[in-house]
Amino acid sequence: MPPDFNWNSIDTVLLDMDGTLLDLAFDSQFWLQDVPLALSQQRSIPLENARQIIHEEYLAVQHTMNWYCFDYWSEQLDMDIYQMTTNIGKNARLRDDTLPFLTHLRESGRQTILLTNAHPHSLSVKIEHTGLDQHLDLLLSTHTFGYPKEDQRLWSAVQKQTGFDPERTLFVDDGEPILNAAKTFGIRYCLGIENPDSTMADKSFQDHPSINDFRSLLPSIHPVTGPAK
């Protein structure tokens, strides 16, 4: 059953990108397969050793800005993460349910804002190959604010820039810690994505409603009854 949101009280929809609007398989392949393989070749070590090194590096900065920062990883691993991302950009894919959802939201008169922790270069590459920007009102990378979505300071900065009303906002993301941060800030409606990666099993959420197909929401999304804030 889709969550029973009161769409009369939703003017703004904030949307994560990777795993929410785009298939996370792109990033899983890159960070869990391509980067360890490149490290293995660069250091002439077994692939499993490279995977372990990368895993420990990831855990050390999880939920911080460095976790998402291409400059950090390029320096940390001595790799050109920028060029490597550009090289595989053609593999970026929209979820099958993304365009029906975004089209329906736009036709309903609601404001749609992309809010991603993805590095601006990653965002640019993915936009180039998916055309996602054509279906959203505004695109924001948290790197321009200096804080990830896990940080309350980010939410304050985004609210100041966009003027969204937390009480009249829906936020969609595939990460429970990030949904928790949004809820802590005061965002009234938070929604999880159970199947961010088409190559992996669905996930479950403990504290938030969740779906595995945006199209389940479409029947309940009616036009706004007044001007969106």
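Described below are features of the structure shown in this document. Just so it is clear, the model here is predicted, and its values are computed rather than measured.

1. Notes on the nonpolar core
Phe-101, Leu-132 and Leu-170 are the most contacted members of the largest nonpolar core, which totals 27 residues. Elements supplying a minimum of two residues to this core: strand E1 (12-15), helix H5 (98-108), helix H6 (120-130), strand E4 (169-173) and strand E5 (189-193). In contact with Phe-101, other than residues within four places in its own chain, are Leu-15, Phe-214, Leu-217, Leu-218 and Ile-221.

2. Topic: the pattern of salt bridges
Summed over all chains, the structure comprises 11 salt bridges. Put simply, Lys-126 and Asp-18 hold a salt bridge, and the shortest N to O gap is 2.8 Å. Placement of the pair is Lys-126 in helix H6 and Asp-18 in the loop between E1 and helix H1 (25-43), with a sequence separation of 108 residues. Each member of the pair, Lys-126 as well as Asp-18, is classed as buried. Between Asp-137 and Arg-106 there is a salt bridge, and its shortest N-O distance comes to 3.2 Å. Taken as a pair, Asp-137 in the loop between H6 and strand E3 (138-141) and Arg-106 in helix H5 lie far apart in primary sequence, 31 residues in all. With relative accessibility at 36%, the residue Arg-106 sits in the partly exposed group. Taken together, the shared-partner salt bridges connect Asp-16, Lys-149 and Asp-173 into one network.

3. Focus: the side chain of Thr-20
In this fold, Thr-20 is placed in the loop between E1 and H1. Looking at Thr-20, the relative accessible area reads 0%, which means it is buried. Excluding its chain neighbours within four sequence positions, the residues that come into contact with Thr-20 are Arg-95, Thr-98, Val-172, Asp-173, Asp-174, Ile-193 and Phe-214.

4. Here we look at the packing of aromatic side chains
Going through the model one piece at a time under the given rule, you end up with 15 aromatic pairs. Centre to centre, the rings of Tyr-58 and Trp-73 are 5.2 Å apart; their planes meet at 90°, and the pair counts as edge-to-face. Here the residue Tyr-58 occupies a position in helix H2 (residues 47-61), and Trp-73 occupies one in helix H3 (residues 70-77), the gap between them amounting to 15 residues. Between Trp-67 and Tyr-68, the aromatic rings sit 6.3 Å apart at their centres with planes inclined by 75°, giving edge-to-face as the arrangement. One aromatic cluster is present, formed by Phe-30, Trp-31, Tyr-58, Trp-67, Tyr-68, Phe-70, Tyr-72, Trp-73 and Tyr-82 through successive ring pairs.

Cut-offs used in this document
Here the residue index of a chain counts from 1 through its sequence in written order. Local features in this predicted model are restricted to residues whose pLDDT is 70 or higher, and side-chain atom pairs enter the listing and the counts only when it is 80 or higher, whereas totals over whole chains, interfaces and linings include all residues. Calculation of side-chain values draws on the structure's entire complement of heavy atoms; hydrogens and water are dropped beforehand. What is meant by a nonpolar core is a set of buried Ala, Val, Leu, Ile, Met, Phe, Trp, Tyr and Cys residues, joined one to another through side-chain atoms within 4.5 Å. Accessible area is worked out with a 1.4 Å probe on protein chains only. A residue is then buried under 20% of its type maximum, exposed over 50%, and partly exposed in between. The helix and strand labels rest on DSSP assignments: H or I over at least four residues marks a helix, E over at least two residues marks a strand, and numbering proceeds from the N terminus. Pairs of residues are marked as contacts when any of their non-hydrogen atoms sit within 4.5 Å. The rule for a salt bridge is simple: a side-chain nitrogen of Lys or Arg has to be within 4 Å of a carboxyl oxygen of Asp or Glu. Think of it this way: a Phe, Tyr or Trp ring, Trp meaning its six-membered ring, pairs with another when their centres are within 6.5 Å, and the plane angle makes it stacked under 30 degrees, edge-to-face over 60, tilted otherwise.

In short, the description is geometric, and any link to function would need to be established separately.
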